[in-house]
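Listed here are the chains, written in short residue letters.
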Amino acid sequence: MSLFYKSATLFSCFLVVLLGIFLVSTGFKPETPNTEAPVTHVVTIHQMKFDPEKLVVKKGDVVQWVNKDIVPHDVTEINKKWTSKILEKDAKYKKVITENLNYFCSLHVIMKGSVTVKNH
Amino acid sequence: MKTILKSKVWASIVMLLIAAIGFAQQAPQLNDAEIAHVAVVANQIDIDYAKIAMDRSKNPEVREFAQTMIADHNAIIEQAVALVTKLGVEPQDNAVSQSLLKQAEATTKMLKAAKGAAFDKAYVDNEVAYHQAVIDAVKGVLIPQSQNAELKALLKVALPILETHLGHAKMAQSKISK
Ligand SMILES: [Cu+2]
């Protein structure tokens, strides 16, 4: 490999890095939004309610439930297919959402919530 | 036997409601130390009913409900005790606490006399009536009369918990009476 070729390669690498730094520093964002990046949504359990009670997410997004009440709660699939187990005050539970979800608190059966998957 | 139990349950409900309304109208003046005492006693009474249910009921829904009552009312008591400890207040016995305890004694006797499905019904009916009476007392007497802001705030935190229990008890009641 010639010295010229080597230094040209190095130089172009340097240019690319420089361009990258410039683009990042000017707040440039790629034209096409990254639709694949999963988002984390927070559902707060507060005053005996899931807030928000109804949530719309993209497939693959994460929902995190946080118990802000003084009493324990849980997050249980409506047909009891799975459960978070008991969440004491300030405890959190996370789940990747791949399909529509109806859930309730098995300790306070009148507390209900849902997550709907919407693709766009 | 069933009808005697039923009428006893209703008699206690009516007495409790009269007592609750009476408190609201005559507005017995309670200081914060007395309000804290009422809060602890009222929660402890429901824990004690739940413990009877855990001893006697084989109905999984009734047992799950009773477990929730034990966990939640314990959590409220813990908060109340933490608050009075922080404020340096000693909960103070009073007429409202006394009347709640006297009523609870009669209800306990009635519950312990019942068995099987009759017990489940008596327990759940009483839970509906008791939570309604306590909610009325918290709204009508305890919150308006509490002077300390943190005590008032704690009572306001307890209210939606009691209301959720009432909704849960009513749901269990409608299933049991089917
Ligand atoms: Cu309760």
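Residues numbered from 1 in each chain as written. Chains lettered and ligands numbered in written order. Predicted model: local features only at pLDDT ≥ 70, side-chain atom pairs only at ≥ 80, totals over all residues. Heavy atoms only, no water.

Caption draft 1: Looking closely at the overall build of chain B. A count of helical and extended segments in chain B gives six helices and zero strands. Reading chain B from its N end, one meets helices and strands in the order α-α-α-α-α-α. Scored against the burial criterion, the 178 residues of chain B give a buried share of 50%. Within chain B, counting contacts between residues at least 6 apart in sequence, those at least 24 apart form 83% of the total. Just so you have it, chain B exposes about 8800 Å², and 59% of that area is on carbon and sulfur atoms. (Helix = DSSP H or I, 4+ residues; strand = E, 2+ residues; numbered from the N terminus. Buried < 20%, exposed > 50% of the residue type's maximum accessible area, 1.4 Å probe, protein only. Contact = heavy atoms within 4.5 Å. Areas by Shrake-Rupley, 256 points an atom, 1.4 Å probe, with all protein chains shown as cover.)

Caption draft 2: Spatial organisation of the pattern of salt bridges. All names here are of chain B. Overall, the coordinates contain six salt bridges over all chains when judged by the stated rule. Glu 150 is the salt-bridge partner of Lys 86, the closest N and O atoms lying 2.4 Å from each other. With Lys 86 in helix H3 (residues 60-87) and Glu 150 in helix H6 (residues 149-176), this residue pair connects regions lying 64 residues apart in the sequence. For Glu 150, a relative accessible area of 36% corresponds to the partly exposed category. Put simply, Lys 121 and Asp 125 hold a salt bridge, and the shortest N to O gap is 2.7 Å. Separated by four residues within a single helix, Lys 121 and Asp 125 lie in helix H5 (residues 116-145), roughly one turn from each other. The exposure class assigned to Lys 121 is partly exposed, which follows from its relative accessible area of 30%. (Salt bridge = Lys/Arg side-chain N within 4 Å of Asp/Glu carboxyl O.)

Caption draft 3: Representation of the UniProt feature "domain: DUF4142" (unreviewed entry) in chain B. Taken from the UniProt record, the annotation "domain: DUF4142" (unreviewed entry) applies to residues 31-170 of chain B. Helix and strand shares over residues 31-170 of chain B are 88% and 0% respectively, and the end C-alpha atoms of the span are 33 Å apart. (UniProt positions renumbered as here; feature names shortened; annotations may be inferred.)

Caption draft 4: Spatial organisation of the packing of aromatic side chains. Applying the stated criterion across every chain yields a total of seven aromatic pairs over all chains. Ring geometry for A:Trp82 against A:Tyr93: centres 6.2 Å apart, planes inclined by 35°, an arrangement best described as tilted. Taken as a pair, A:Trp82 in the loop between strand E5 (76-77) and strand E6 (92-96) and A:Tyr93 in strand E6 lie far apart in primary sequence, eleven residues in all. Among the residues examined, A:Tyr93 registers a relative accessible area of 18% and is labelled buried. Both rings, one in B:Phe65 and one in B:Tyr123, keep their centres 6.2 Å apart while their planes meet at 70°; by these two values the pair is edge-to-face. Of this pair, B:Phe65 sits in helix H3 while B:Tyr123 is found in helix H5, placing the two residues 58 residues apart along the sequence. Each member of the pair, B:Phe65 as well as B:Tyr123, is classed as buried. Each residue in the set A:Phe50, A:Trp65, A:Trp82, A:Tyr93 and A:Tyr103 is aromatic and connected to the rest through ring pairs, giving one cluster. (Phe/Tyr/Trp six-rings, centres within 6.5 Å; stacked < 30°, edge-to-face > 60°.)

Caption draft 5: Region of interest: the environment of B:Ile45. All names here are of chain B. Relative to the helices and strands, Ile 45 resides in helix H2 (residues 32-56). Through-space distance from the C-alpha of Ile 45 to that of Val 84 is 19 Å; in sequence the pair is 39 residues apart. Excluding anything up to four places from it in sequence, Ile 45 contacts Leu 100, Leu 101, Ala 104 and Tyr 130.

Caption draft 6: Looking closely at the packing of H2(B) against H5(B). Residue and element names in this part refer to chain B. Between H2 and H5, whose axes approach to 11 Å, the crossing angle comes to 170°. Considered as vectors, H2 and H5 are oriented roughly antiparallel to each other. Across from Asp 32, Ile 35, Val 38, Ala 42, Ile 45, Asp 46, Tyr 49, Ala 50, Ile 52, Ala 53 and Arg 56 in H2, the residues of H5 making contact are Phe 119, Tyr 123, Asn 126, Glu 127, Tyr 130, His 131, Leu 142 and Gln 145. Taken together, the residues that form the contact of H2 with H5 break down as twelve nonpolar, three polar and four charged. (Axes fitted to C-alpha atoms, helices over the stretch in contact; angles between N-to-C directions. Parallel < 35°, antiparallel > 145°, perpendicular 65-115°, else oblique. Nonpolar A, V, L, I, M, F, W, Y, C, P; charged D, E, K, R; others polar.)

Caption draft 7: Here's a closer look at the sheet that holds strand E2 (residues 49-51) of chain A. Residue and element names in this part refer to chain A. Taking strand neighbours across the sheet as the criterion, the four strands line up as E2-E1-E4-E6 in an open arrangement whose pairing is mixed. Single-partner strands in this sheet number two, and they are E2 and E6. This sheet shows a mean twist of 20° between the axes of neighbouring strands, independent of strand direction. In terms of strand pairing, strand E4 (residues 62-67) meets E6 through five bridges, oriented antiparallel. Bridge pairing in E6 links Val 66 to Lys 92. (Pairing = 2+ DSSP bridges.)

Caption draft 8: The arrangement of the sheet that holds strand E8 (residues 112-117) of chain A in detail. Taken in spatial order, the four strands of this open sheet run E3-E8-E7-E5 (chain A), and their pairing is mixed. Pairing within the sheet leaves two strands with one partner each, and these edge strands are strand E3 (54-57) and E5 of chain A.

Caption draft 9: Region of interest: H2(B). Residues and elements named next belong to chain B. The end-to-end C-alpha distance of H2 is 37 Å, a good match for the 36 Å that 25 residues give at a rise of 1.5 Å each. Burial runs high along H2: 19 of the 25 residues are buried. The backbone nitrogen of Ala 33 lies 3.0 Å from a side-chain oxygen of the residue at the head of H2, namely Asn 31. (Expected span 1.5 Å × (residues − 1). Polar contact = N/O pair within 3.5 Å; in protein donor to acceptor, adjacent residues only side chain to side chain.)

Caption draft 10: Fine view of the nonpolar core. By size, the foremost hydrophobic cluster in this structure holds 46 residues, and its most contacted members are B:Leu111, B:Tyr123, B:Val138 and B:Leu142. The set of elements that each furnish at least two residues to this core consists of H2, H3, helix H4 (95-112), H5 and H6 of chain B. For this core, the leading source of residues is H5(B), giving twelve residues. Setting aside residues up to four positions removed in sequence, B:Leu142 forms contacts with B:Leu30, B:Ile35, B:Val38, B:Ala137 and B:Leu155. A:Ile45, A:Ile70, A:Val71 and A:Val117 belong to the second largest nonpolar core, which has 25 residues in total. (Core = buried A, V, L, I, M, F, W, Y, C linked by side-chain atoms within 4.5 Å.)

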